[in-house]
Amino acid sequence: VAQGIKVYTIGVGTTAGGKIPEGRNGFKTDWEGDIVISKLNEEMLKGLADEGNGDYHNLEENEVEATILSSVGAMEGKSFGVH
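This part takes up the overall build of the protein chain. A count of helical and extended segments in the protein chain gives two helices and six strands. Walking the protein chain from its N terminus toward its C terminus, one meets helices and strands in the order β-β-β-β-β-α-β-α. Every one of the 83 residues in the protein chain was classed for burial, and the buried ones make up 14%. Within the protein chain, contacts between residues separated by at least 24 positions form 55% of all contacts whose residues are at least 6 apart in sequence. Accessible surface, the protein chain as shown: approximately 6,700 Å² in total, 51% of it carbon and sulfur.

Here you go:
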């Protein structure tokens, strides 16, 4: 990855999919009024993380926050300028 940037991805949800809550009693709908089903695509997220020399974590796994913070904390600090 350019300039040593690492890509970390976090999976949210299930591969079976589910409705996306919206508002107090409703679910997200598309432009035709059908309820949107969101499905976790772990293979894509793992591939992105692998290509970006980073890591994939599933939000449902125990202690994922500590794992991510440990990975980020171990990275060497770098500054990037705007060209």
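Our next topic: the confidence of the model for the protein chain. The predicted model of the protein chain has a mean per-residue pLDDT of 82, with 71% of residues at 70 or higher. Averaged pLDDT values for the elements of the protein chain fall to 66 in helix α2 (residues 64-73) and rise to 95 in helix α1 (residues 42-51).

Along the chain, T9 falls in strand β1 (residues 8-11). Judged by relative accessible area, which is 7%, T9 ranks as buried. Dropping the residues within four chain positions of it, T9 is found in contact with L45, K46, L48, A49, D55, Y56 and H57.

Tallying each qualifying case throughout the model produces one salt bridge. Taking the shortest distance from any N to any O, the salt bridge between K28 and E22 comes out at 3.9 Å. The class for E22 is partly exposed, based on a relative accessible area of 42%.

Conventions and cut-offs
Residues numbered from 1 in each chain as written. Predicted model: local features only at pLDDT ≥ 70, side-chain atom pairs only at ≥ 80, totals over all residues. Heavy atoms only, no water. Helix = DSSP H or I, 4+ residues; strand = E, 2+ residues; numbered from the N terminus. Buried < 20%, exposed > 50% of the residue type's maximum accessible area, 1.4 Å probe, protein only. Contact = heavy atoms within 4.5 Å. Areas by Shrake-Rupley, 256 points an atom, 1.4 Å probe, with all protein chains shown as cover. pLDDT = per-residue confidence, 0-100. Salt bridge = Lys/Arg side-chain N within 4 Å of Asp/Glu carboxyl O.

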